[in-house]
Amino acid sequence: MTAVDQGVQGAERTLGQLVASATAEMSALVHDEIALAKAEIRQDVKRAGMGGAAISVAGVFVLFSLPVLSFAAAYGIHNLGLGLAWSFLIVGGAFLLLAGIFSLLAVSKFKKVKPPEKSIASVKRTAAVVGTVKPHPRSVSDQAVGVARSSS
């Protein structure tokens, strides 16, 4: 069958057939797009899961390395001529100082957190518009059929 024959067949199709064909093709397109989106999301979720697992393992190793590094720092200070107790006290004080600095940083960042003002204003405007809308009055026709109740 040639392109000319297909064109002739296409010209002979009715409007209903054309609409049905367009609807079927549009439905197939939407289904294909949804399938593609699902595949992409599934792949992204898998990557995020692997990334989260890698970050967790890295965090565990950092957590386990802190005591070792603390002892190394304390013994390093002790080798400079300070007593062992003072060396551990200096390392502990350094950790407390770092914790205080990061706490102040966190508090300053938390103070900058504000509610989503644009979203709240938009919701208020929408609520105001919806509140002023009145339903369209419907005329009661003579042909309206009442529903019979079985409990009467």
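Rules behind the numbers
- Residues numbered from 1 in each chain as written.
- Predicted model: local features only at pLDDT ≥ 70, side-chain atom pairs only at ≥ 80, totals over all residues.
- Heavy atoms only, no water.
- Helix = DSSP H or I, 4+ residues; strand = E, 2+ residues; numbered from the N terminus.
- Buried < 20%, exposed > 50% of the residue type's maximum accessible area, 1.4 Å probe, protein only.
- Salt bridge = Lys/Arg side-chain N within 4 Å of Asp/Glu carboxyl O.
- Axes fitted to C-alpha atoms, helices over the stretch in contact; angles between N-to-C directions.
- Parallel < 35°, antiparallel > 145°, perpendicular 65-115°, else oblique.
- Left-handed = near helix turned anticlockwise from the far one by under 90°.
- Contact = heavy atoms within 4.5 Å.
- Nonpolar A, V, L, I, M, F, W, Y, C, P; charged D, E, K, R; others polar.
- Phe/Tyr/Trp six-rings, centres within 6.5 Å; stacked < 30°, edge-to-face > 60°.
- pLDDT = per-residue confidence, 0-100.

This paragraph deals with the overall build of the chain. For the chain, the count of helices and strands is four helices and zero strands. Among the 152 residues that make up the chain, the fraction classed as buried is 3%.

Okay, the pattern of salt bridges next. Any two side chains of opposite charge can pair if their charged atoms end up close together. Throughout the structure, instances matching the rule amount to one salt bridge. Between Asp44 and Arg47 there is a salt bridge, with its nearest N and O atoms 3.9 Å apart. Of the two residues, Asp44 and Arg47 are both situated in helix α2 (residues 15–79); the distance of three residues between them amounts to about one turn of the helix. Judged by relative accessible area, Arg47 falls into the exposed class, the value being 53%.

Two numbers describe how α2 lies on helix α3 (residues 84–111): the axes approach to 8 Å, and their chain directions differ by 130°. By the criterion of interaxial angle, the relationship of α2 to α3 is oblique. The crossing of α2 and α3 is right-handed. Contact residues: Ser70, Phe71, Ala73, Ala74, Tyr75, Ile77 and His78 in α2; Leu84, Ser87, Phe88, Ile90, Val91 and Phe95 in α3. Looking at the contact of α2 with α3, its residues break down into 10 nonpolar, three polar and no charged.

Time to look at the packing of aromatic side chains. Overall, the coordinates contain two aromatic pairs when judged by the stated rule. Through successive ring pairs, a cluster of aromatic residues spans Phe71, Tyr75 and Phe88.

Here we take up the confidence of the model for the chain. Here the chain averages 82 in pLDDT, while 80% of its residues score no lower than 70. The secondary structure element of the chain with the lowest average pLDDT is helix α1 (residues 3–12), at 55, and the one with the highest is α3, at 94.

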